[in-house]
Amino acid sequence: MSSGRDTWTKPPFIANTALRWAVYLGAIAYFGWVGLNMPIDWNRVAEGIGRAGKIFGGAFPPSFERKDLLIDGFLESLKIAILATAGGVLLSIPIAFMAASNMAPRPIFYLGRAIIIIARSFHPVIVAILFVKAVGFGPFAGVLTLIIYSIGFVAKMLAERIEEIDFGQVEALRAAGAPYLPTLFYAIFPQIMPRQIGLTIYQLDSNLRASAVVGLVGAGGIGATLANAFGRYDYDFALAITIVIVGVILISEAISGIIRKRIQ
Amino acid sequence: MTSLSEQFGRDEWARFTAKQRMQRYAILLGCGIVIAWALTSIEVIWPWVWGAPEQIGDLFGRMYPPDPSNLGSILSVLWDTVNIATFATAFAVLLSLPVAYISAQNTTPNRATLWLGRLILVTSRSVNTIIWALLFVAIFGPGVVAGIIAIMFRSIGFIGKLLGEAIEEIDKRPVEALEATGASRFKVIIYAIVPQVMPTFWAVAILRWDINLRESTVLGLVGAGGIGIVLQGAIDTFNWPEVATILLAIIVLVIIGEVVSAFLRRRIL
């Protein structure tokens, strides 16, 4: 019974001693080596503290003088988010069906998955830059960007839901001789609809946030206003915009939370 | 024997009652109106919209074939990107521990610290990484420092929030047991709280690292280091074949990040 010790010790994080030390040493070596080799200009960092004071000094108090510009920017962001959500969700449905392993034949399944992976790989700001170059400055580039962004998330989650559906209902309809479309509408859509609505609301919220950043690279909305304010060293206006962005995001988060709770 | 249709007074199956159906139509109509409002009032130049598929096709045409001649420097900034994400995640994890501790209702010392914790979490999460990066580039100048701090500032809110929720859900009996033996506050944390939140802690850290890898790819666009710098350079000089190479490199990086984080999750959890 007695194991020869009378104090309890915490079990180690990784059971294998050699592996444990290898992981620890590896981590220390990585952080030490990269940390020491990082191109850091300490003088610049030290100066930065003073500059931070100046920036914050310039930012306070926030200036709401040009509130028309602020409101216009926000309305544009809202429109971008709405259109991108509508377009993204519509496109997500066929792509999700392509990317569901129980719905699509192999080659189409791989194509669907590839579309989702590519849409998810790029940060919306990168996509926005490309679209700004292709279709010009303004909200249209923002809408296209956020459509891609929406597909990456909505199609992925929806495809997972489609893969989980109860196939009994599909078989029942097929056995009754129902053609393809009625099967889709009566056996599959009712099963995925609640998830789809939840995802759409979540994505609208998420697009509203993202629309604030794609504007920084010229894709319209409040982000464009913010980038201009920053570029002109109007830190007080920039702070006002940031405060409003944070407020709007908190409100939209609360609203979408309430709606999702009511639907479930 | 009465048939079903006689019992229910209708002879066709319907999914919804009339009232439900009216509600659904009303919601659909509402959505339609909102979309129509957005579509008609947004300031876009419609001829540009119709020309878009051609323009986008043209852009892809110019990107092909990708030009790998600058691959060496691309890989080097890709490595910077990984380092920014990793360092920022590590610092954010360390800094978010005390924040999570004070923003969980069952461990926070008092009301004031609870609200301080919540305020830190909300501020951190509400400002996007790029906006943090703009600010820190203005303060510290361009480079990886601004990038690491920006990502760190953004991550504290995310990690702290999820960790705080995990702390709120712990089983408090181990805590009471230790307190009953007269253990110090520090020992209670180490032996009763930490082991319970450890799985969440690792899961959140790995998830955030994966997210941060993606976020780091754009820091360079505002001057905060990483692959975004060469991407911006290639775009500004209209070097589309190189842009294609950089985009492919980013896809590979993100996929590797996902594979690594999936592997770690399986091993650790």
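Cut-offs and rules
Residues numbered from 1 in each chain as written. Chains lettered and ligands numbered in written order. Predicted model: local features only at pLDDT ≥ 70, side-chain atom pairs only at ≥ 80, totals over all residues. Heavy atoms only, no water. Helix = DSSP H or I, 4+ residues; strand = E, 2+ residues; numbered from the N terminus. Rg over C-alpha atoms; globule rule 2.2 N^0.38 Å. Buried < 20%, exposed > 50% of the residue type's maximum accessible area, 1.4 Å probe, protein only. Contact = heavy atoms within 4.5 Å. Areas by Shrake-Rupley, 256 points an atom, 1.4 Å probe, with all protein chains shown as cover. Lys, Arg positive; Asp, Glu negative; His and termini not counted. Charge placed at Lys NZ, Arg CZ, Asp CG, Glu CD. Patch = residues over 30% accessible without salt bridge, like charges linked within 9 Å, V, L, I, M, F, W, Y side chains within 5 Å. Salt bridge = Lys/Arg side-chain N within 4 Å of Asp/Glu carboxyl O. UniProt positions renumbered as here; feature names shortened; annotations may be inferred. Buried area = accessible area lost by both parts, 1.4 Å probe. Polar contact = N/O pair within 3.5 Å; in protein donor to acceptor, adjacent residues only side chain to side chain. Nonpolar A, V, L, I, M, F, W, Y, C, P; charged D, E, K, R; others polar. Expected span 1.5 Å × (residues − 1).

### Details of the overall build of chain B
For chain B, the count of helices and strands is eleven helices and zero strands. Moving toward the C terminus, one meets the helices and strands of chain B in the order α-α-α-α-α-α-α-α-α-α-α. Taking 2.2 N^0.38 as the reference for a compact globule, 269 residues should give roughly 18 Å; the C-alpha atoms of chain B span a radius of gyration of 27 Å, well beyond that estimate. Within chain B, the fraction of its 269 residues that count as buried is 43%. Considering only contacts within chain B whose residues lie at least 6 apart along the sequence, 72% involve residues at least 24 apart. A total of about 14,500 Å² of accessible surface is found on chain B, and carbon and sulfur atoms cover 68% of it. Each charge sign in chain B was given a centre, from 20 positive and 19 negative side chains, and these centres are 11 Å apart.

### Some thoughts on a nonpolar patch on the surface
Residues and elements named next belong to chain A. Side chains of M193, I197, I251, I255, I259 and I263 sit close together on the surface and give an oily, nonpolar patch of about 490 Å² of accessible area. Of all the elements in the fold, those that place two or more residues in the nonpolar patch are α8 (180-214) and α10 (235-263). Ranked by residue count, the leading element in the nonpolar patch is α10, at four residues. Counting through the fold element by element, I259 comes out in helix α10.

### Here we look at the UniProt feature "transmembrane region" (unreviewed entry) in chain B
Residues and elements named next belong to chain B. Per the UniProt annotation, the sites labelled "transmembrane region" (unreviewed entry) are residues 25-49, 84-104, 130-153, 188-207, 219-238 and 244-264. Each end of residues 25-49 is marked by a C-alpha atom, and these two atoms are 31 Å apart; helix forms 84% of the span and strand 0%. The distance separating the terminal C-alpha atoms of residues 219-238 is 20 Å; by composition the span is 50% helix and 0% strand.

### Considerations on the UniProt feature "domain: ABC transmembrane type-1" (unreviewed entry) in chain B
Mapped onto this structure's residue numbering, the UniProt feature "domain: ABC transmembrane type-1" (unreviewed entry) falls at residues 78-261 of chain B. Helix makes up 83% of residues 78-261 of chain B and strand 0%, and the two end C-alpha atoms of the span are 18 Å apart.

### Quick word on the interface of chain B and chain A
Every contact between the two is made by 63 residues of chain B and, on the other side, 63 residues of chain A. Taken together, both faces of the contact between chain B and chain A bury some 5,200 Å²; the carbon and sulfur share is 80%. In this structure, the connection of chain B to chain A is made through two salt bridges. Seen at the junction of chain B and chain A, the total is five residue pairs in polar contact (both at pLDDT 80 or more). By residue class, the composition of the side of chain B that touches chain A is 48 nonpolar, eight polar and seven charged.

### Regarding α10(A)
Between its first and last C-alpha, α10(A) extends 42 Å over 29 residues, near the 42 Å set by a 1.5 Å rise per residue. Within the span of α10(A), buried status applies to A:Y235, A:F237, A:A238, A:A240, A:I241, A:T242, A:I245, A:V246, A:I249, A:S252 and A:S256. Here the buried face of α10(A) lies against α2 (42-59), α3 (67-98), α8 and α9 (222-231) of chain A together with α5 (111-126) and α6 (129-140) of chain B.

### A short note on the pattern of salt bridges
In this structure the tally under the stated criterion is 15 salt bridges over all chains. A salt bridge links A:R161 to A:E164; its shortest N-O distance comes to 4.0 Å. Classification of A:R161 as buried rests on a relative accessible area of 18%. The exposure class of A:E164 is exposed, given its relative accessible area of 54%. Across the salt bridge formed by B:R62 and B:D58, the nearest N and O atoms sit 2.8 Å from each other. Of this pair, B:R62 and B:D58 both sit in helix α3 (residues 46-63), separated by four residues, roughly a single helical turn. B:R62 gets classed as partly exposed once you look at its relative accessible area, which sits at 42%. Of the residues examined, B:D58 reaches a relative accessible area of 38% and is grouped as partly exposed. Connected via shared salt-bridge partners are A:R66, A:R232 and A:D234.

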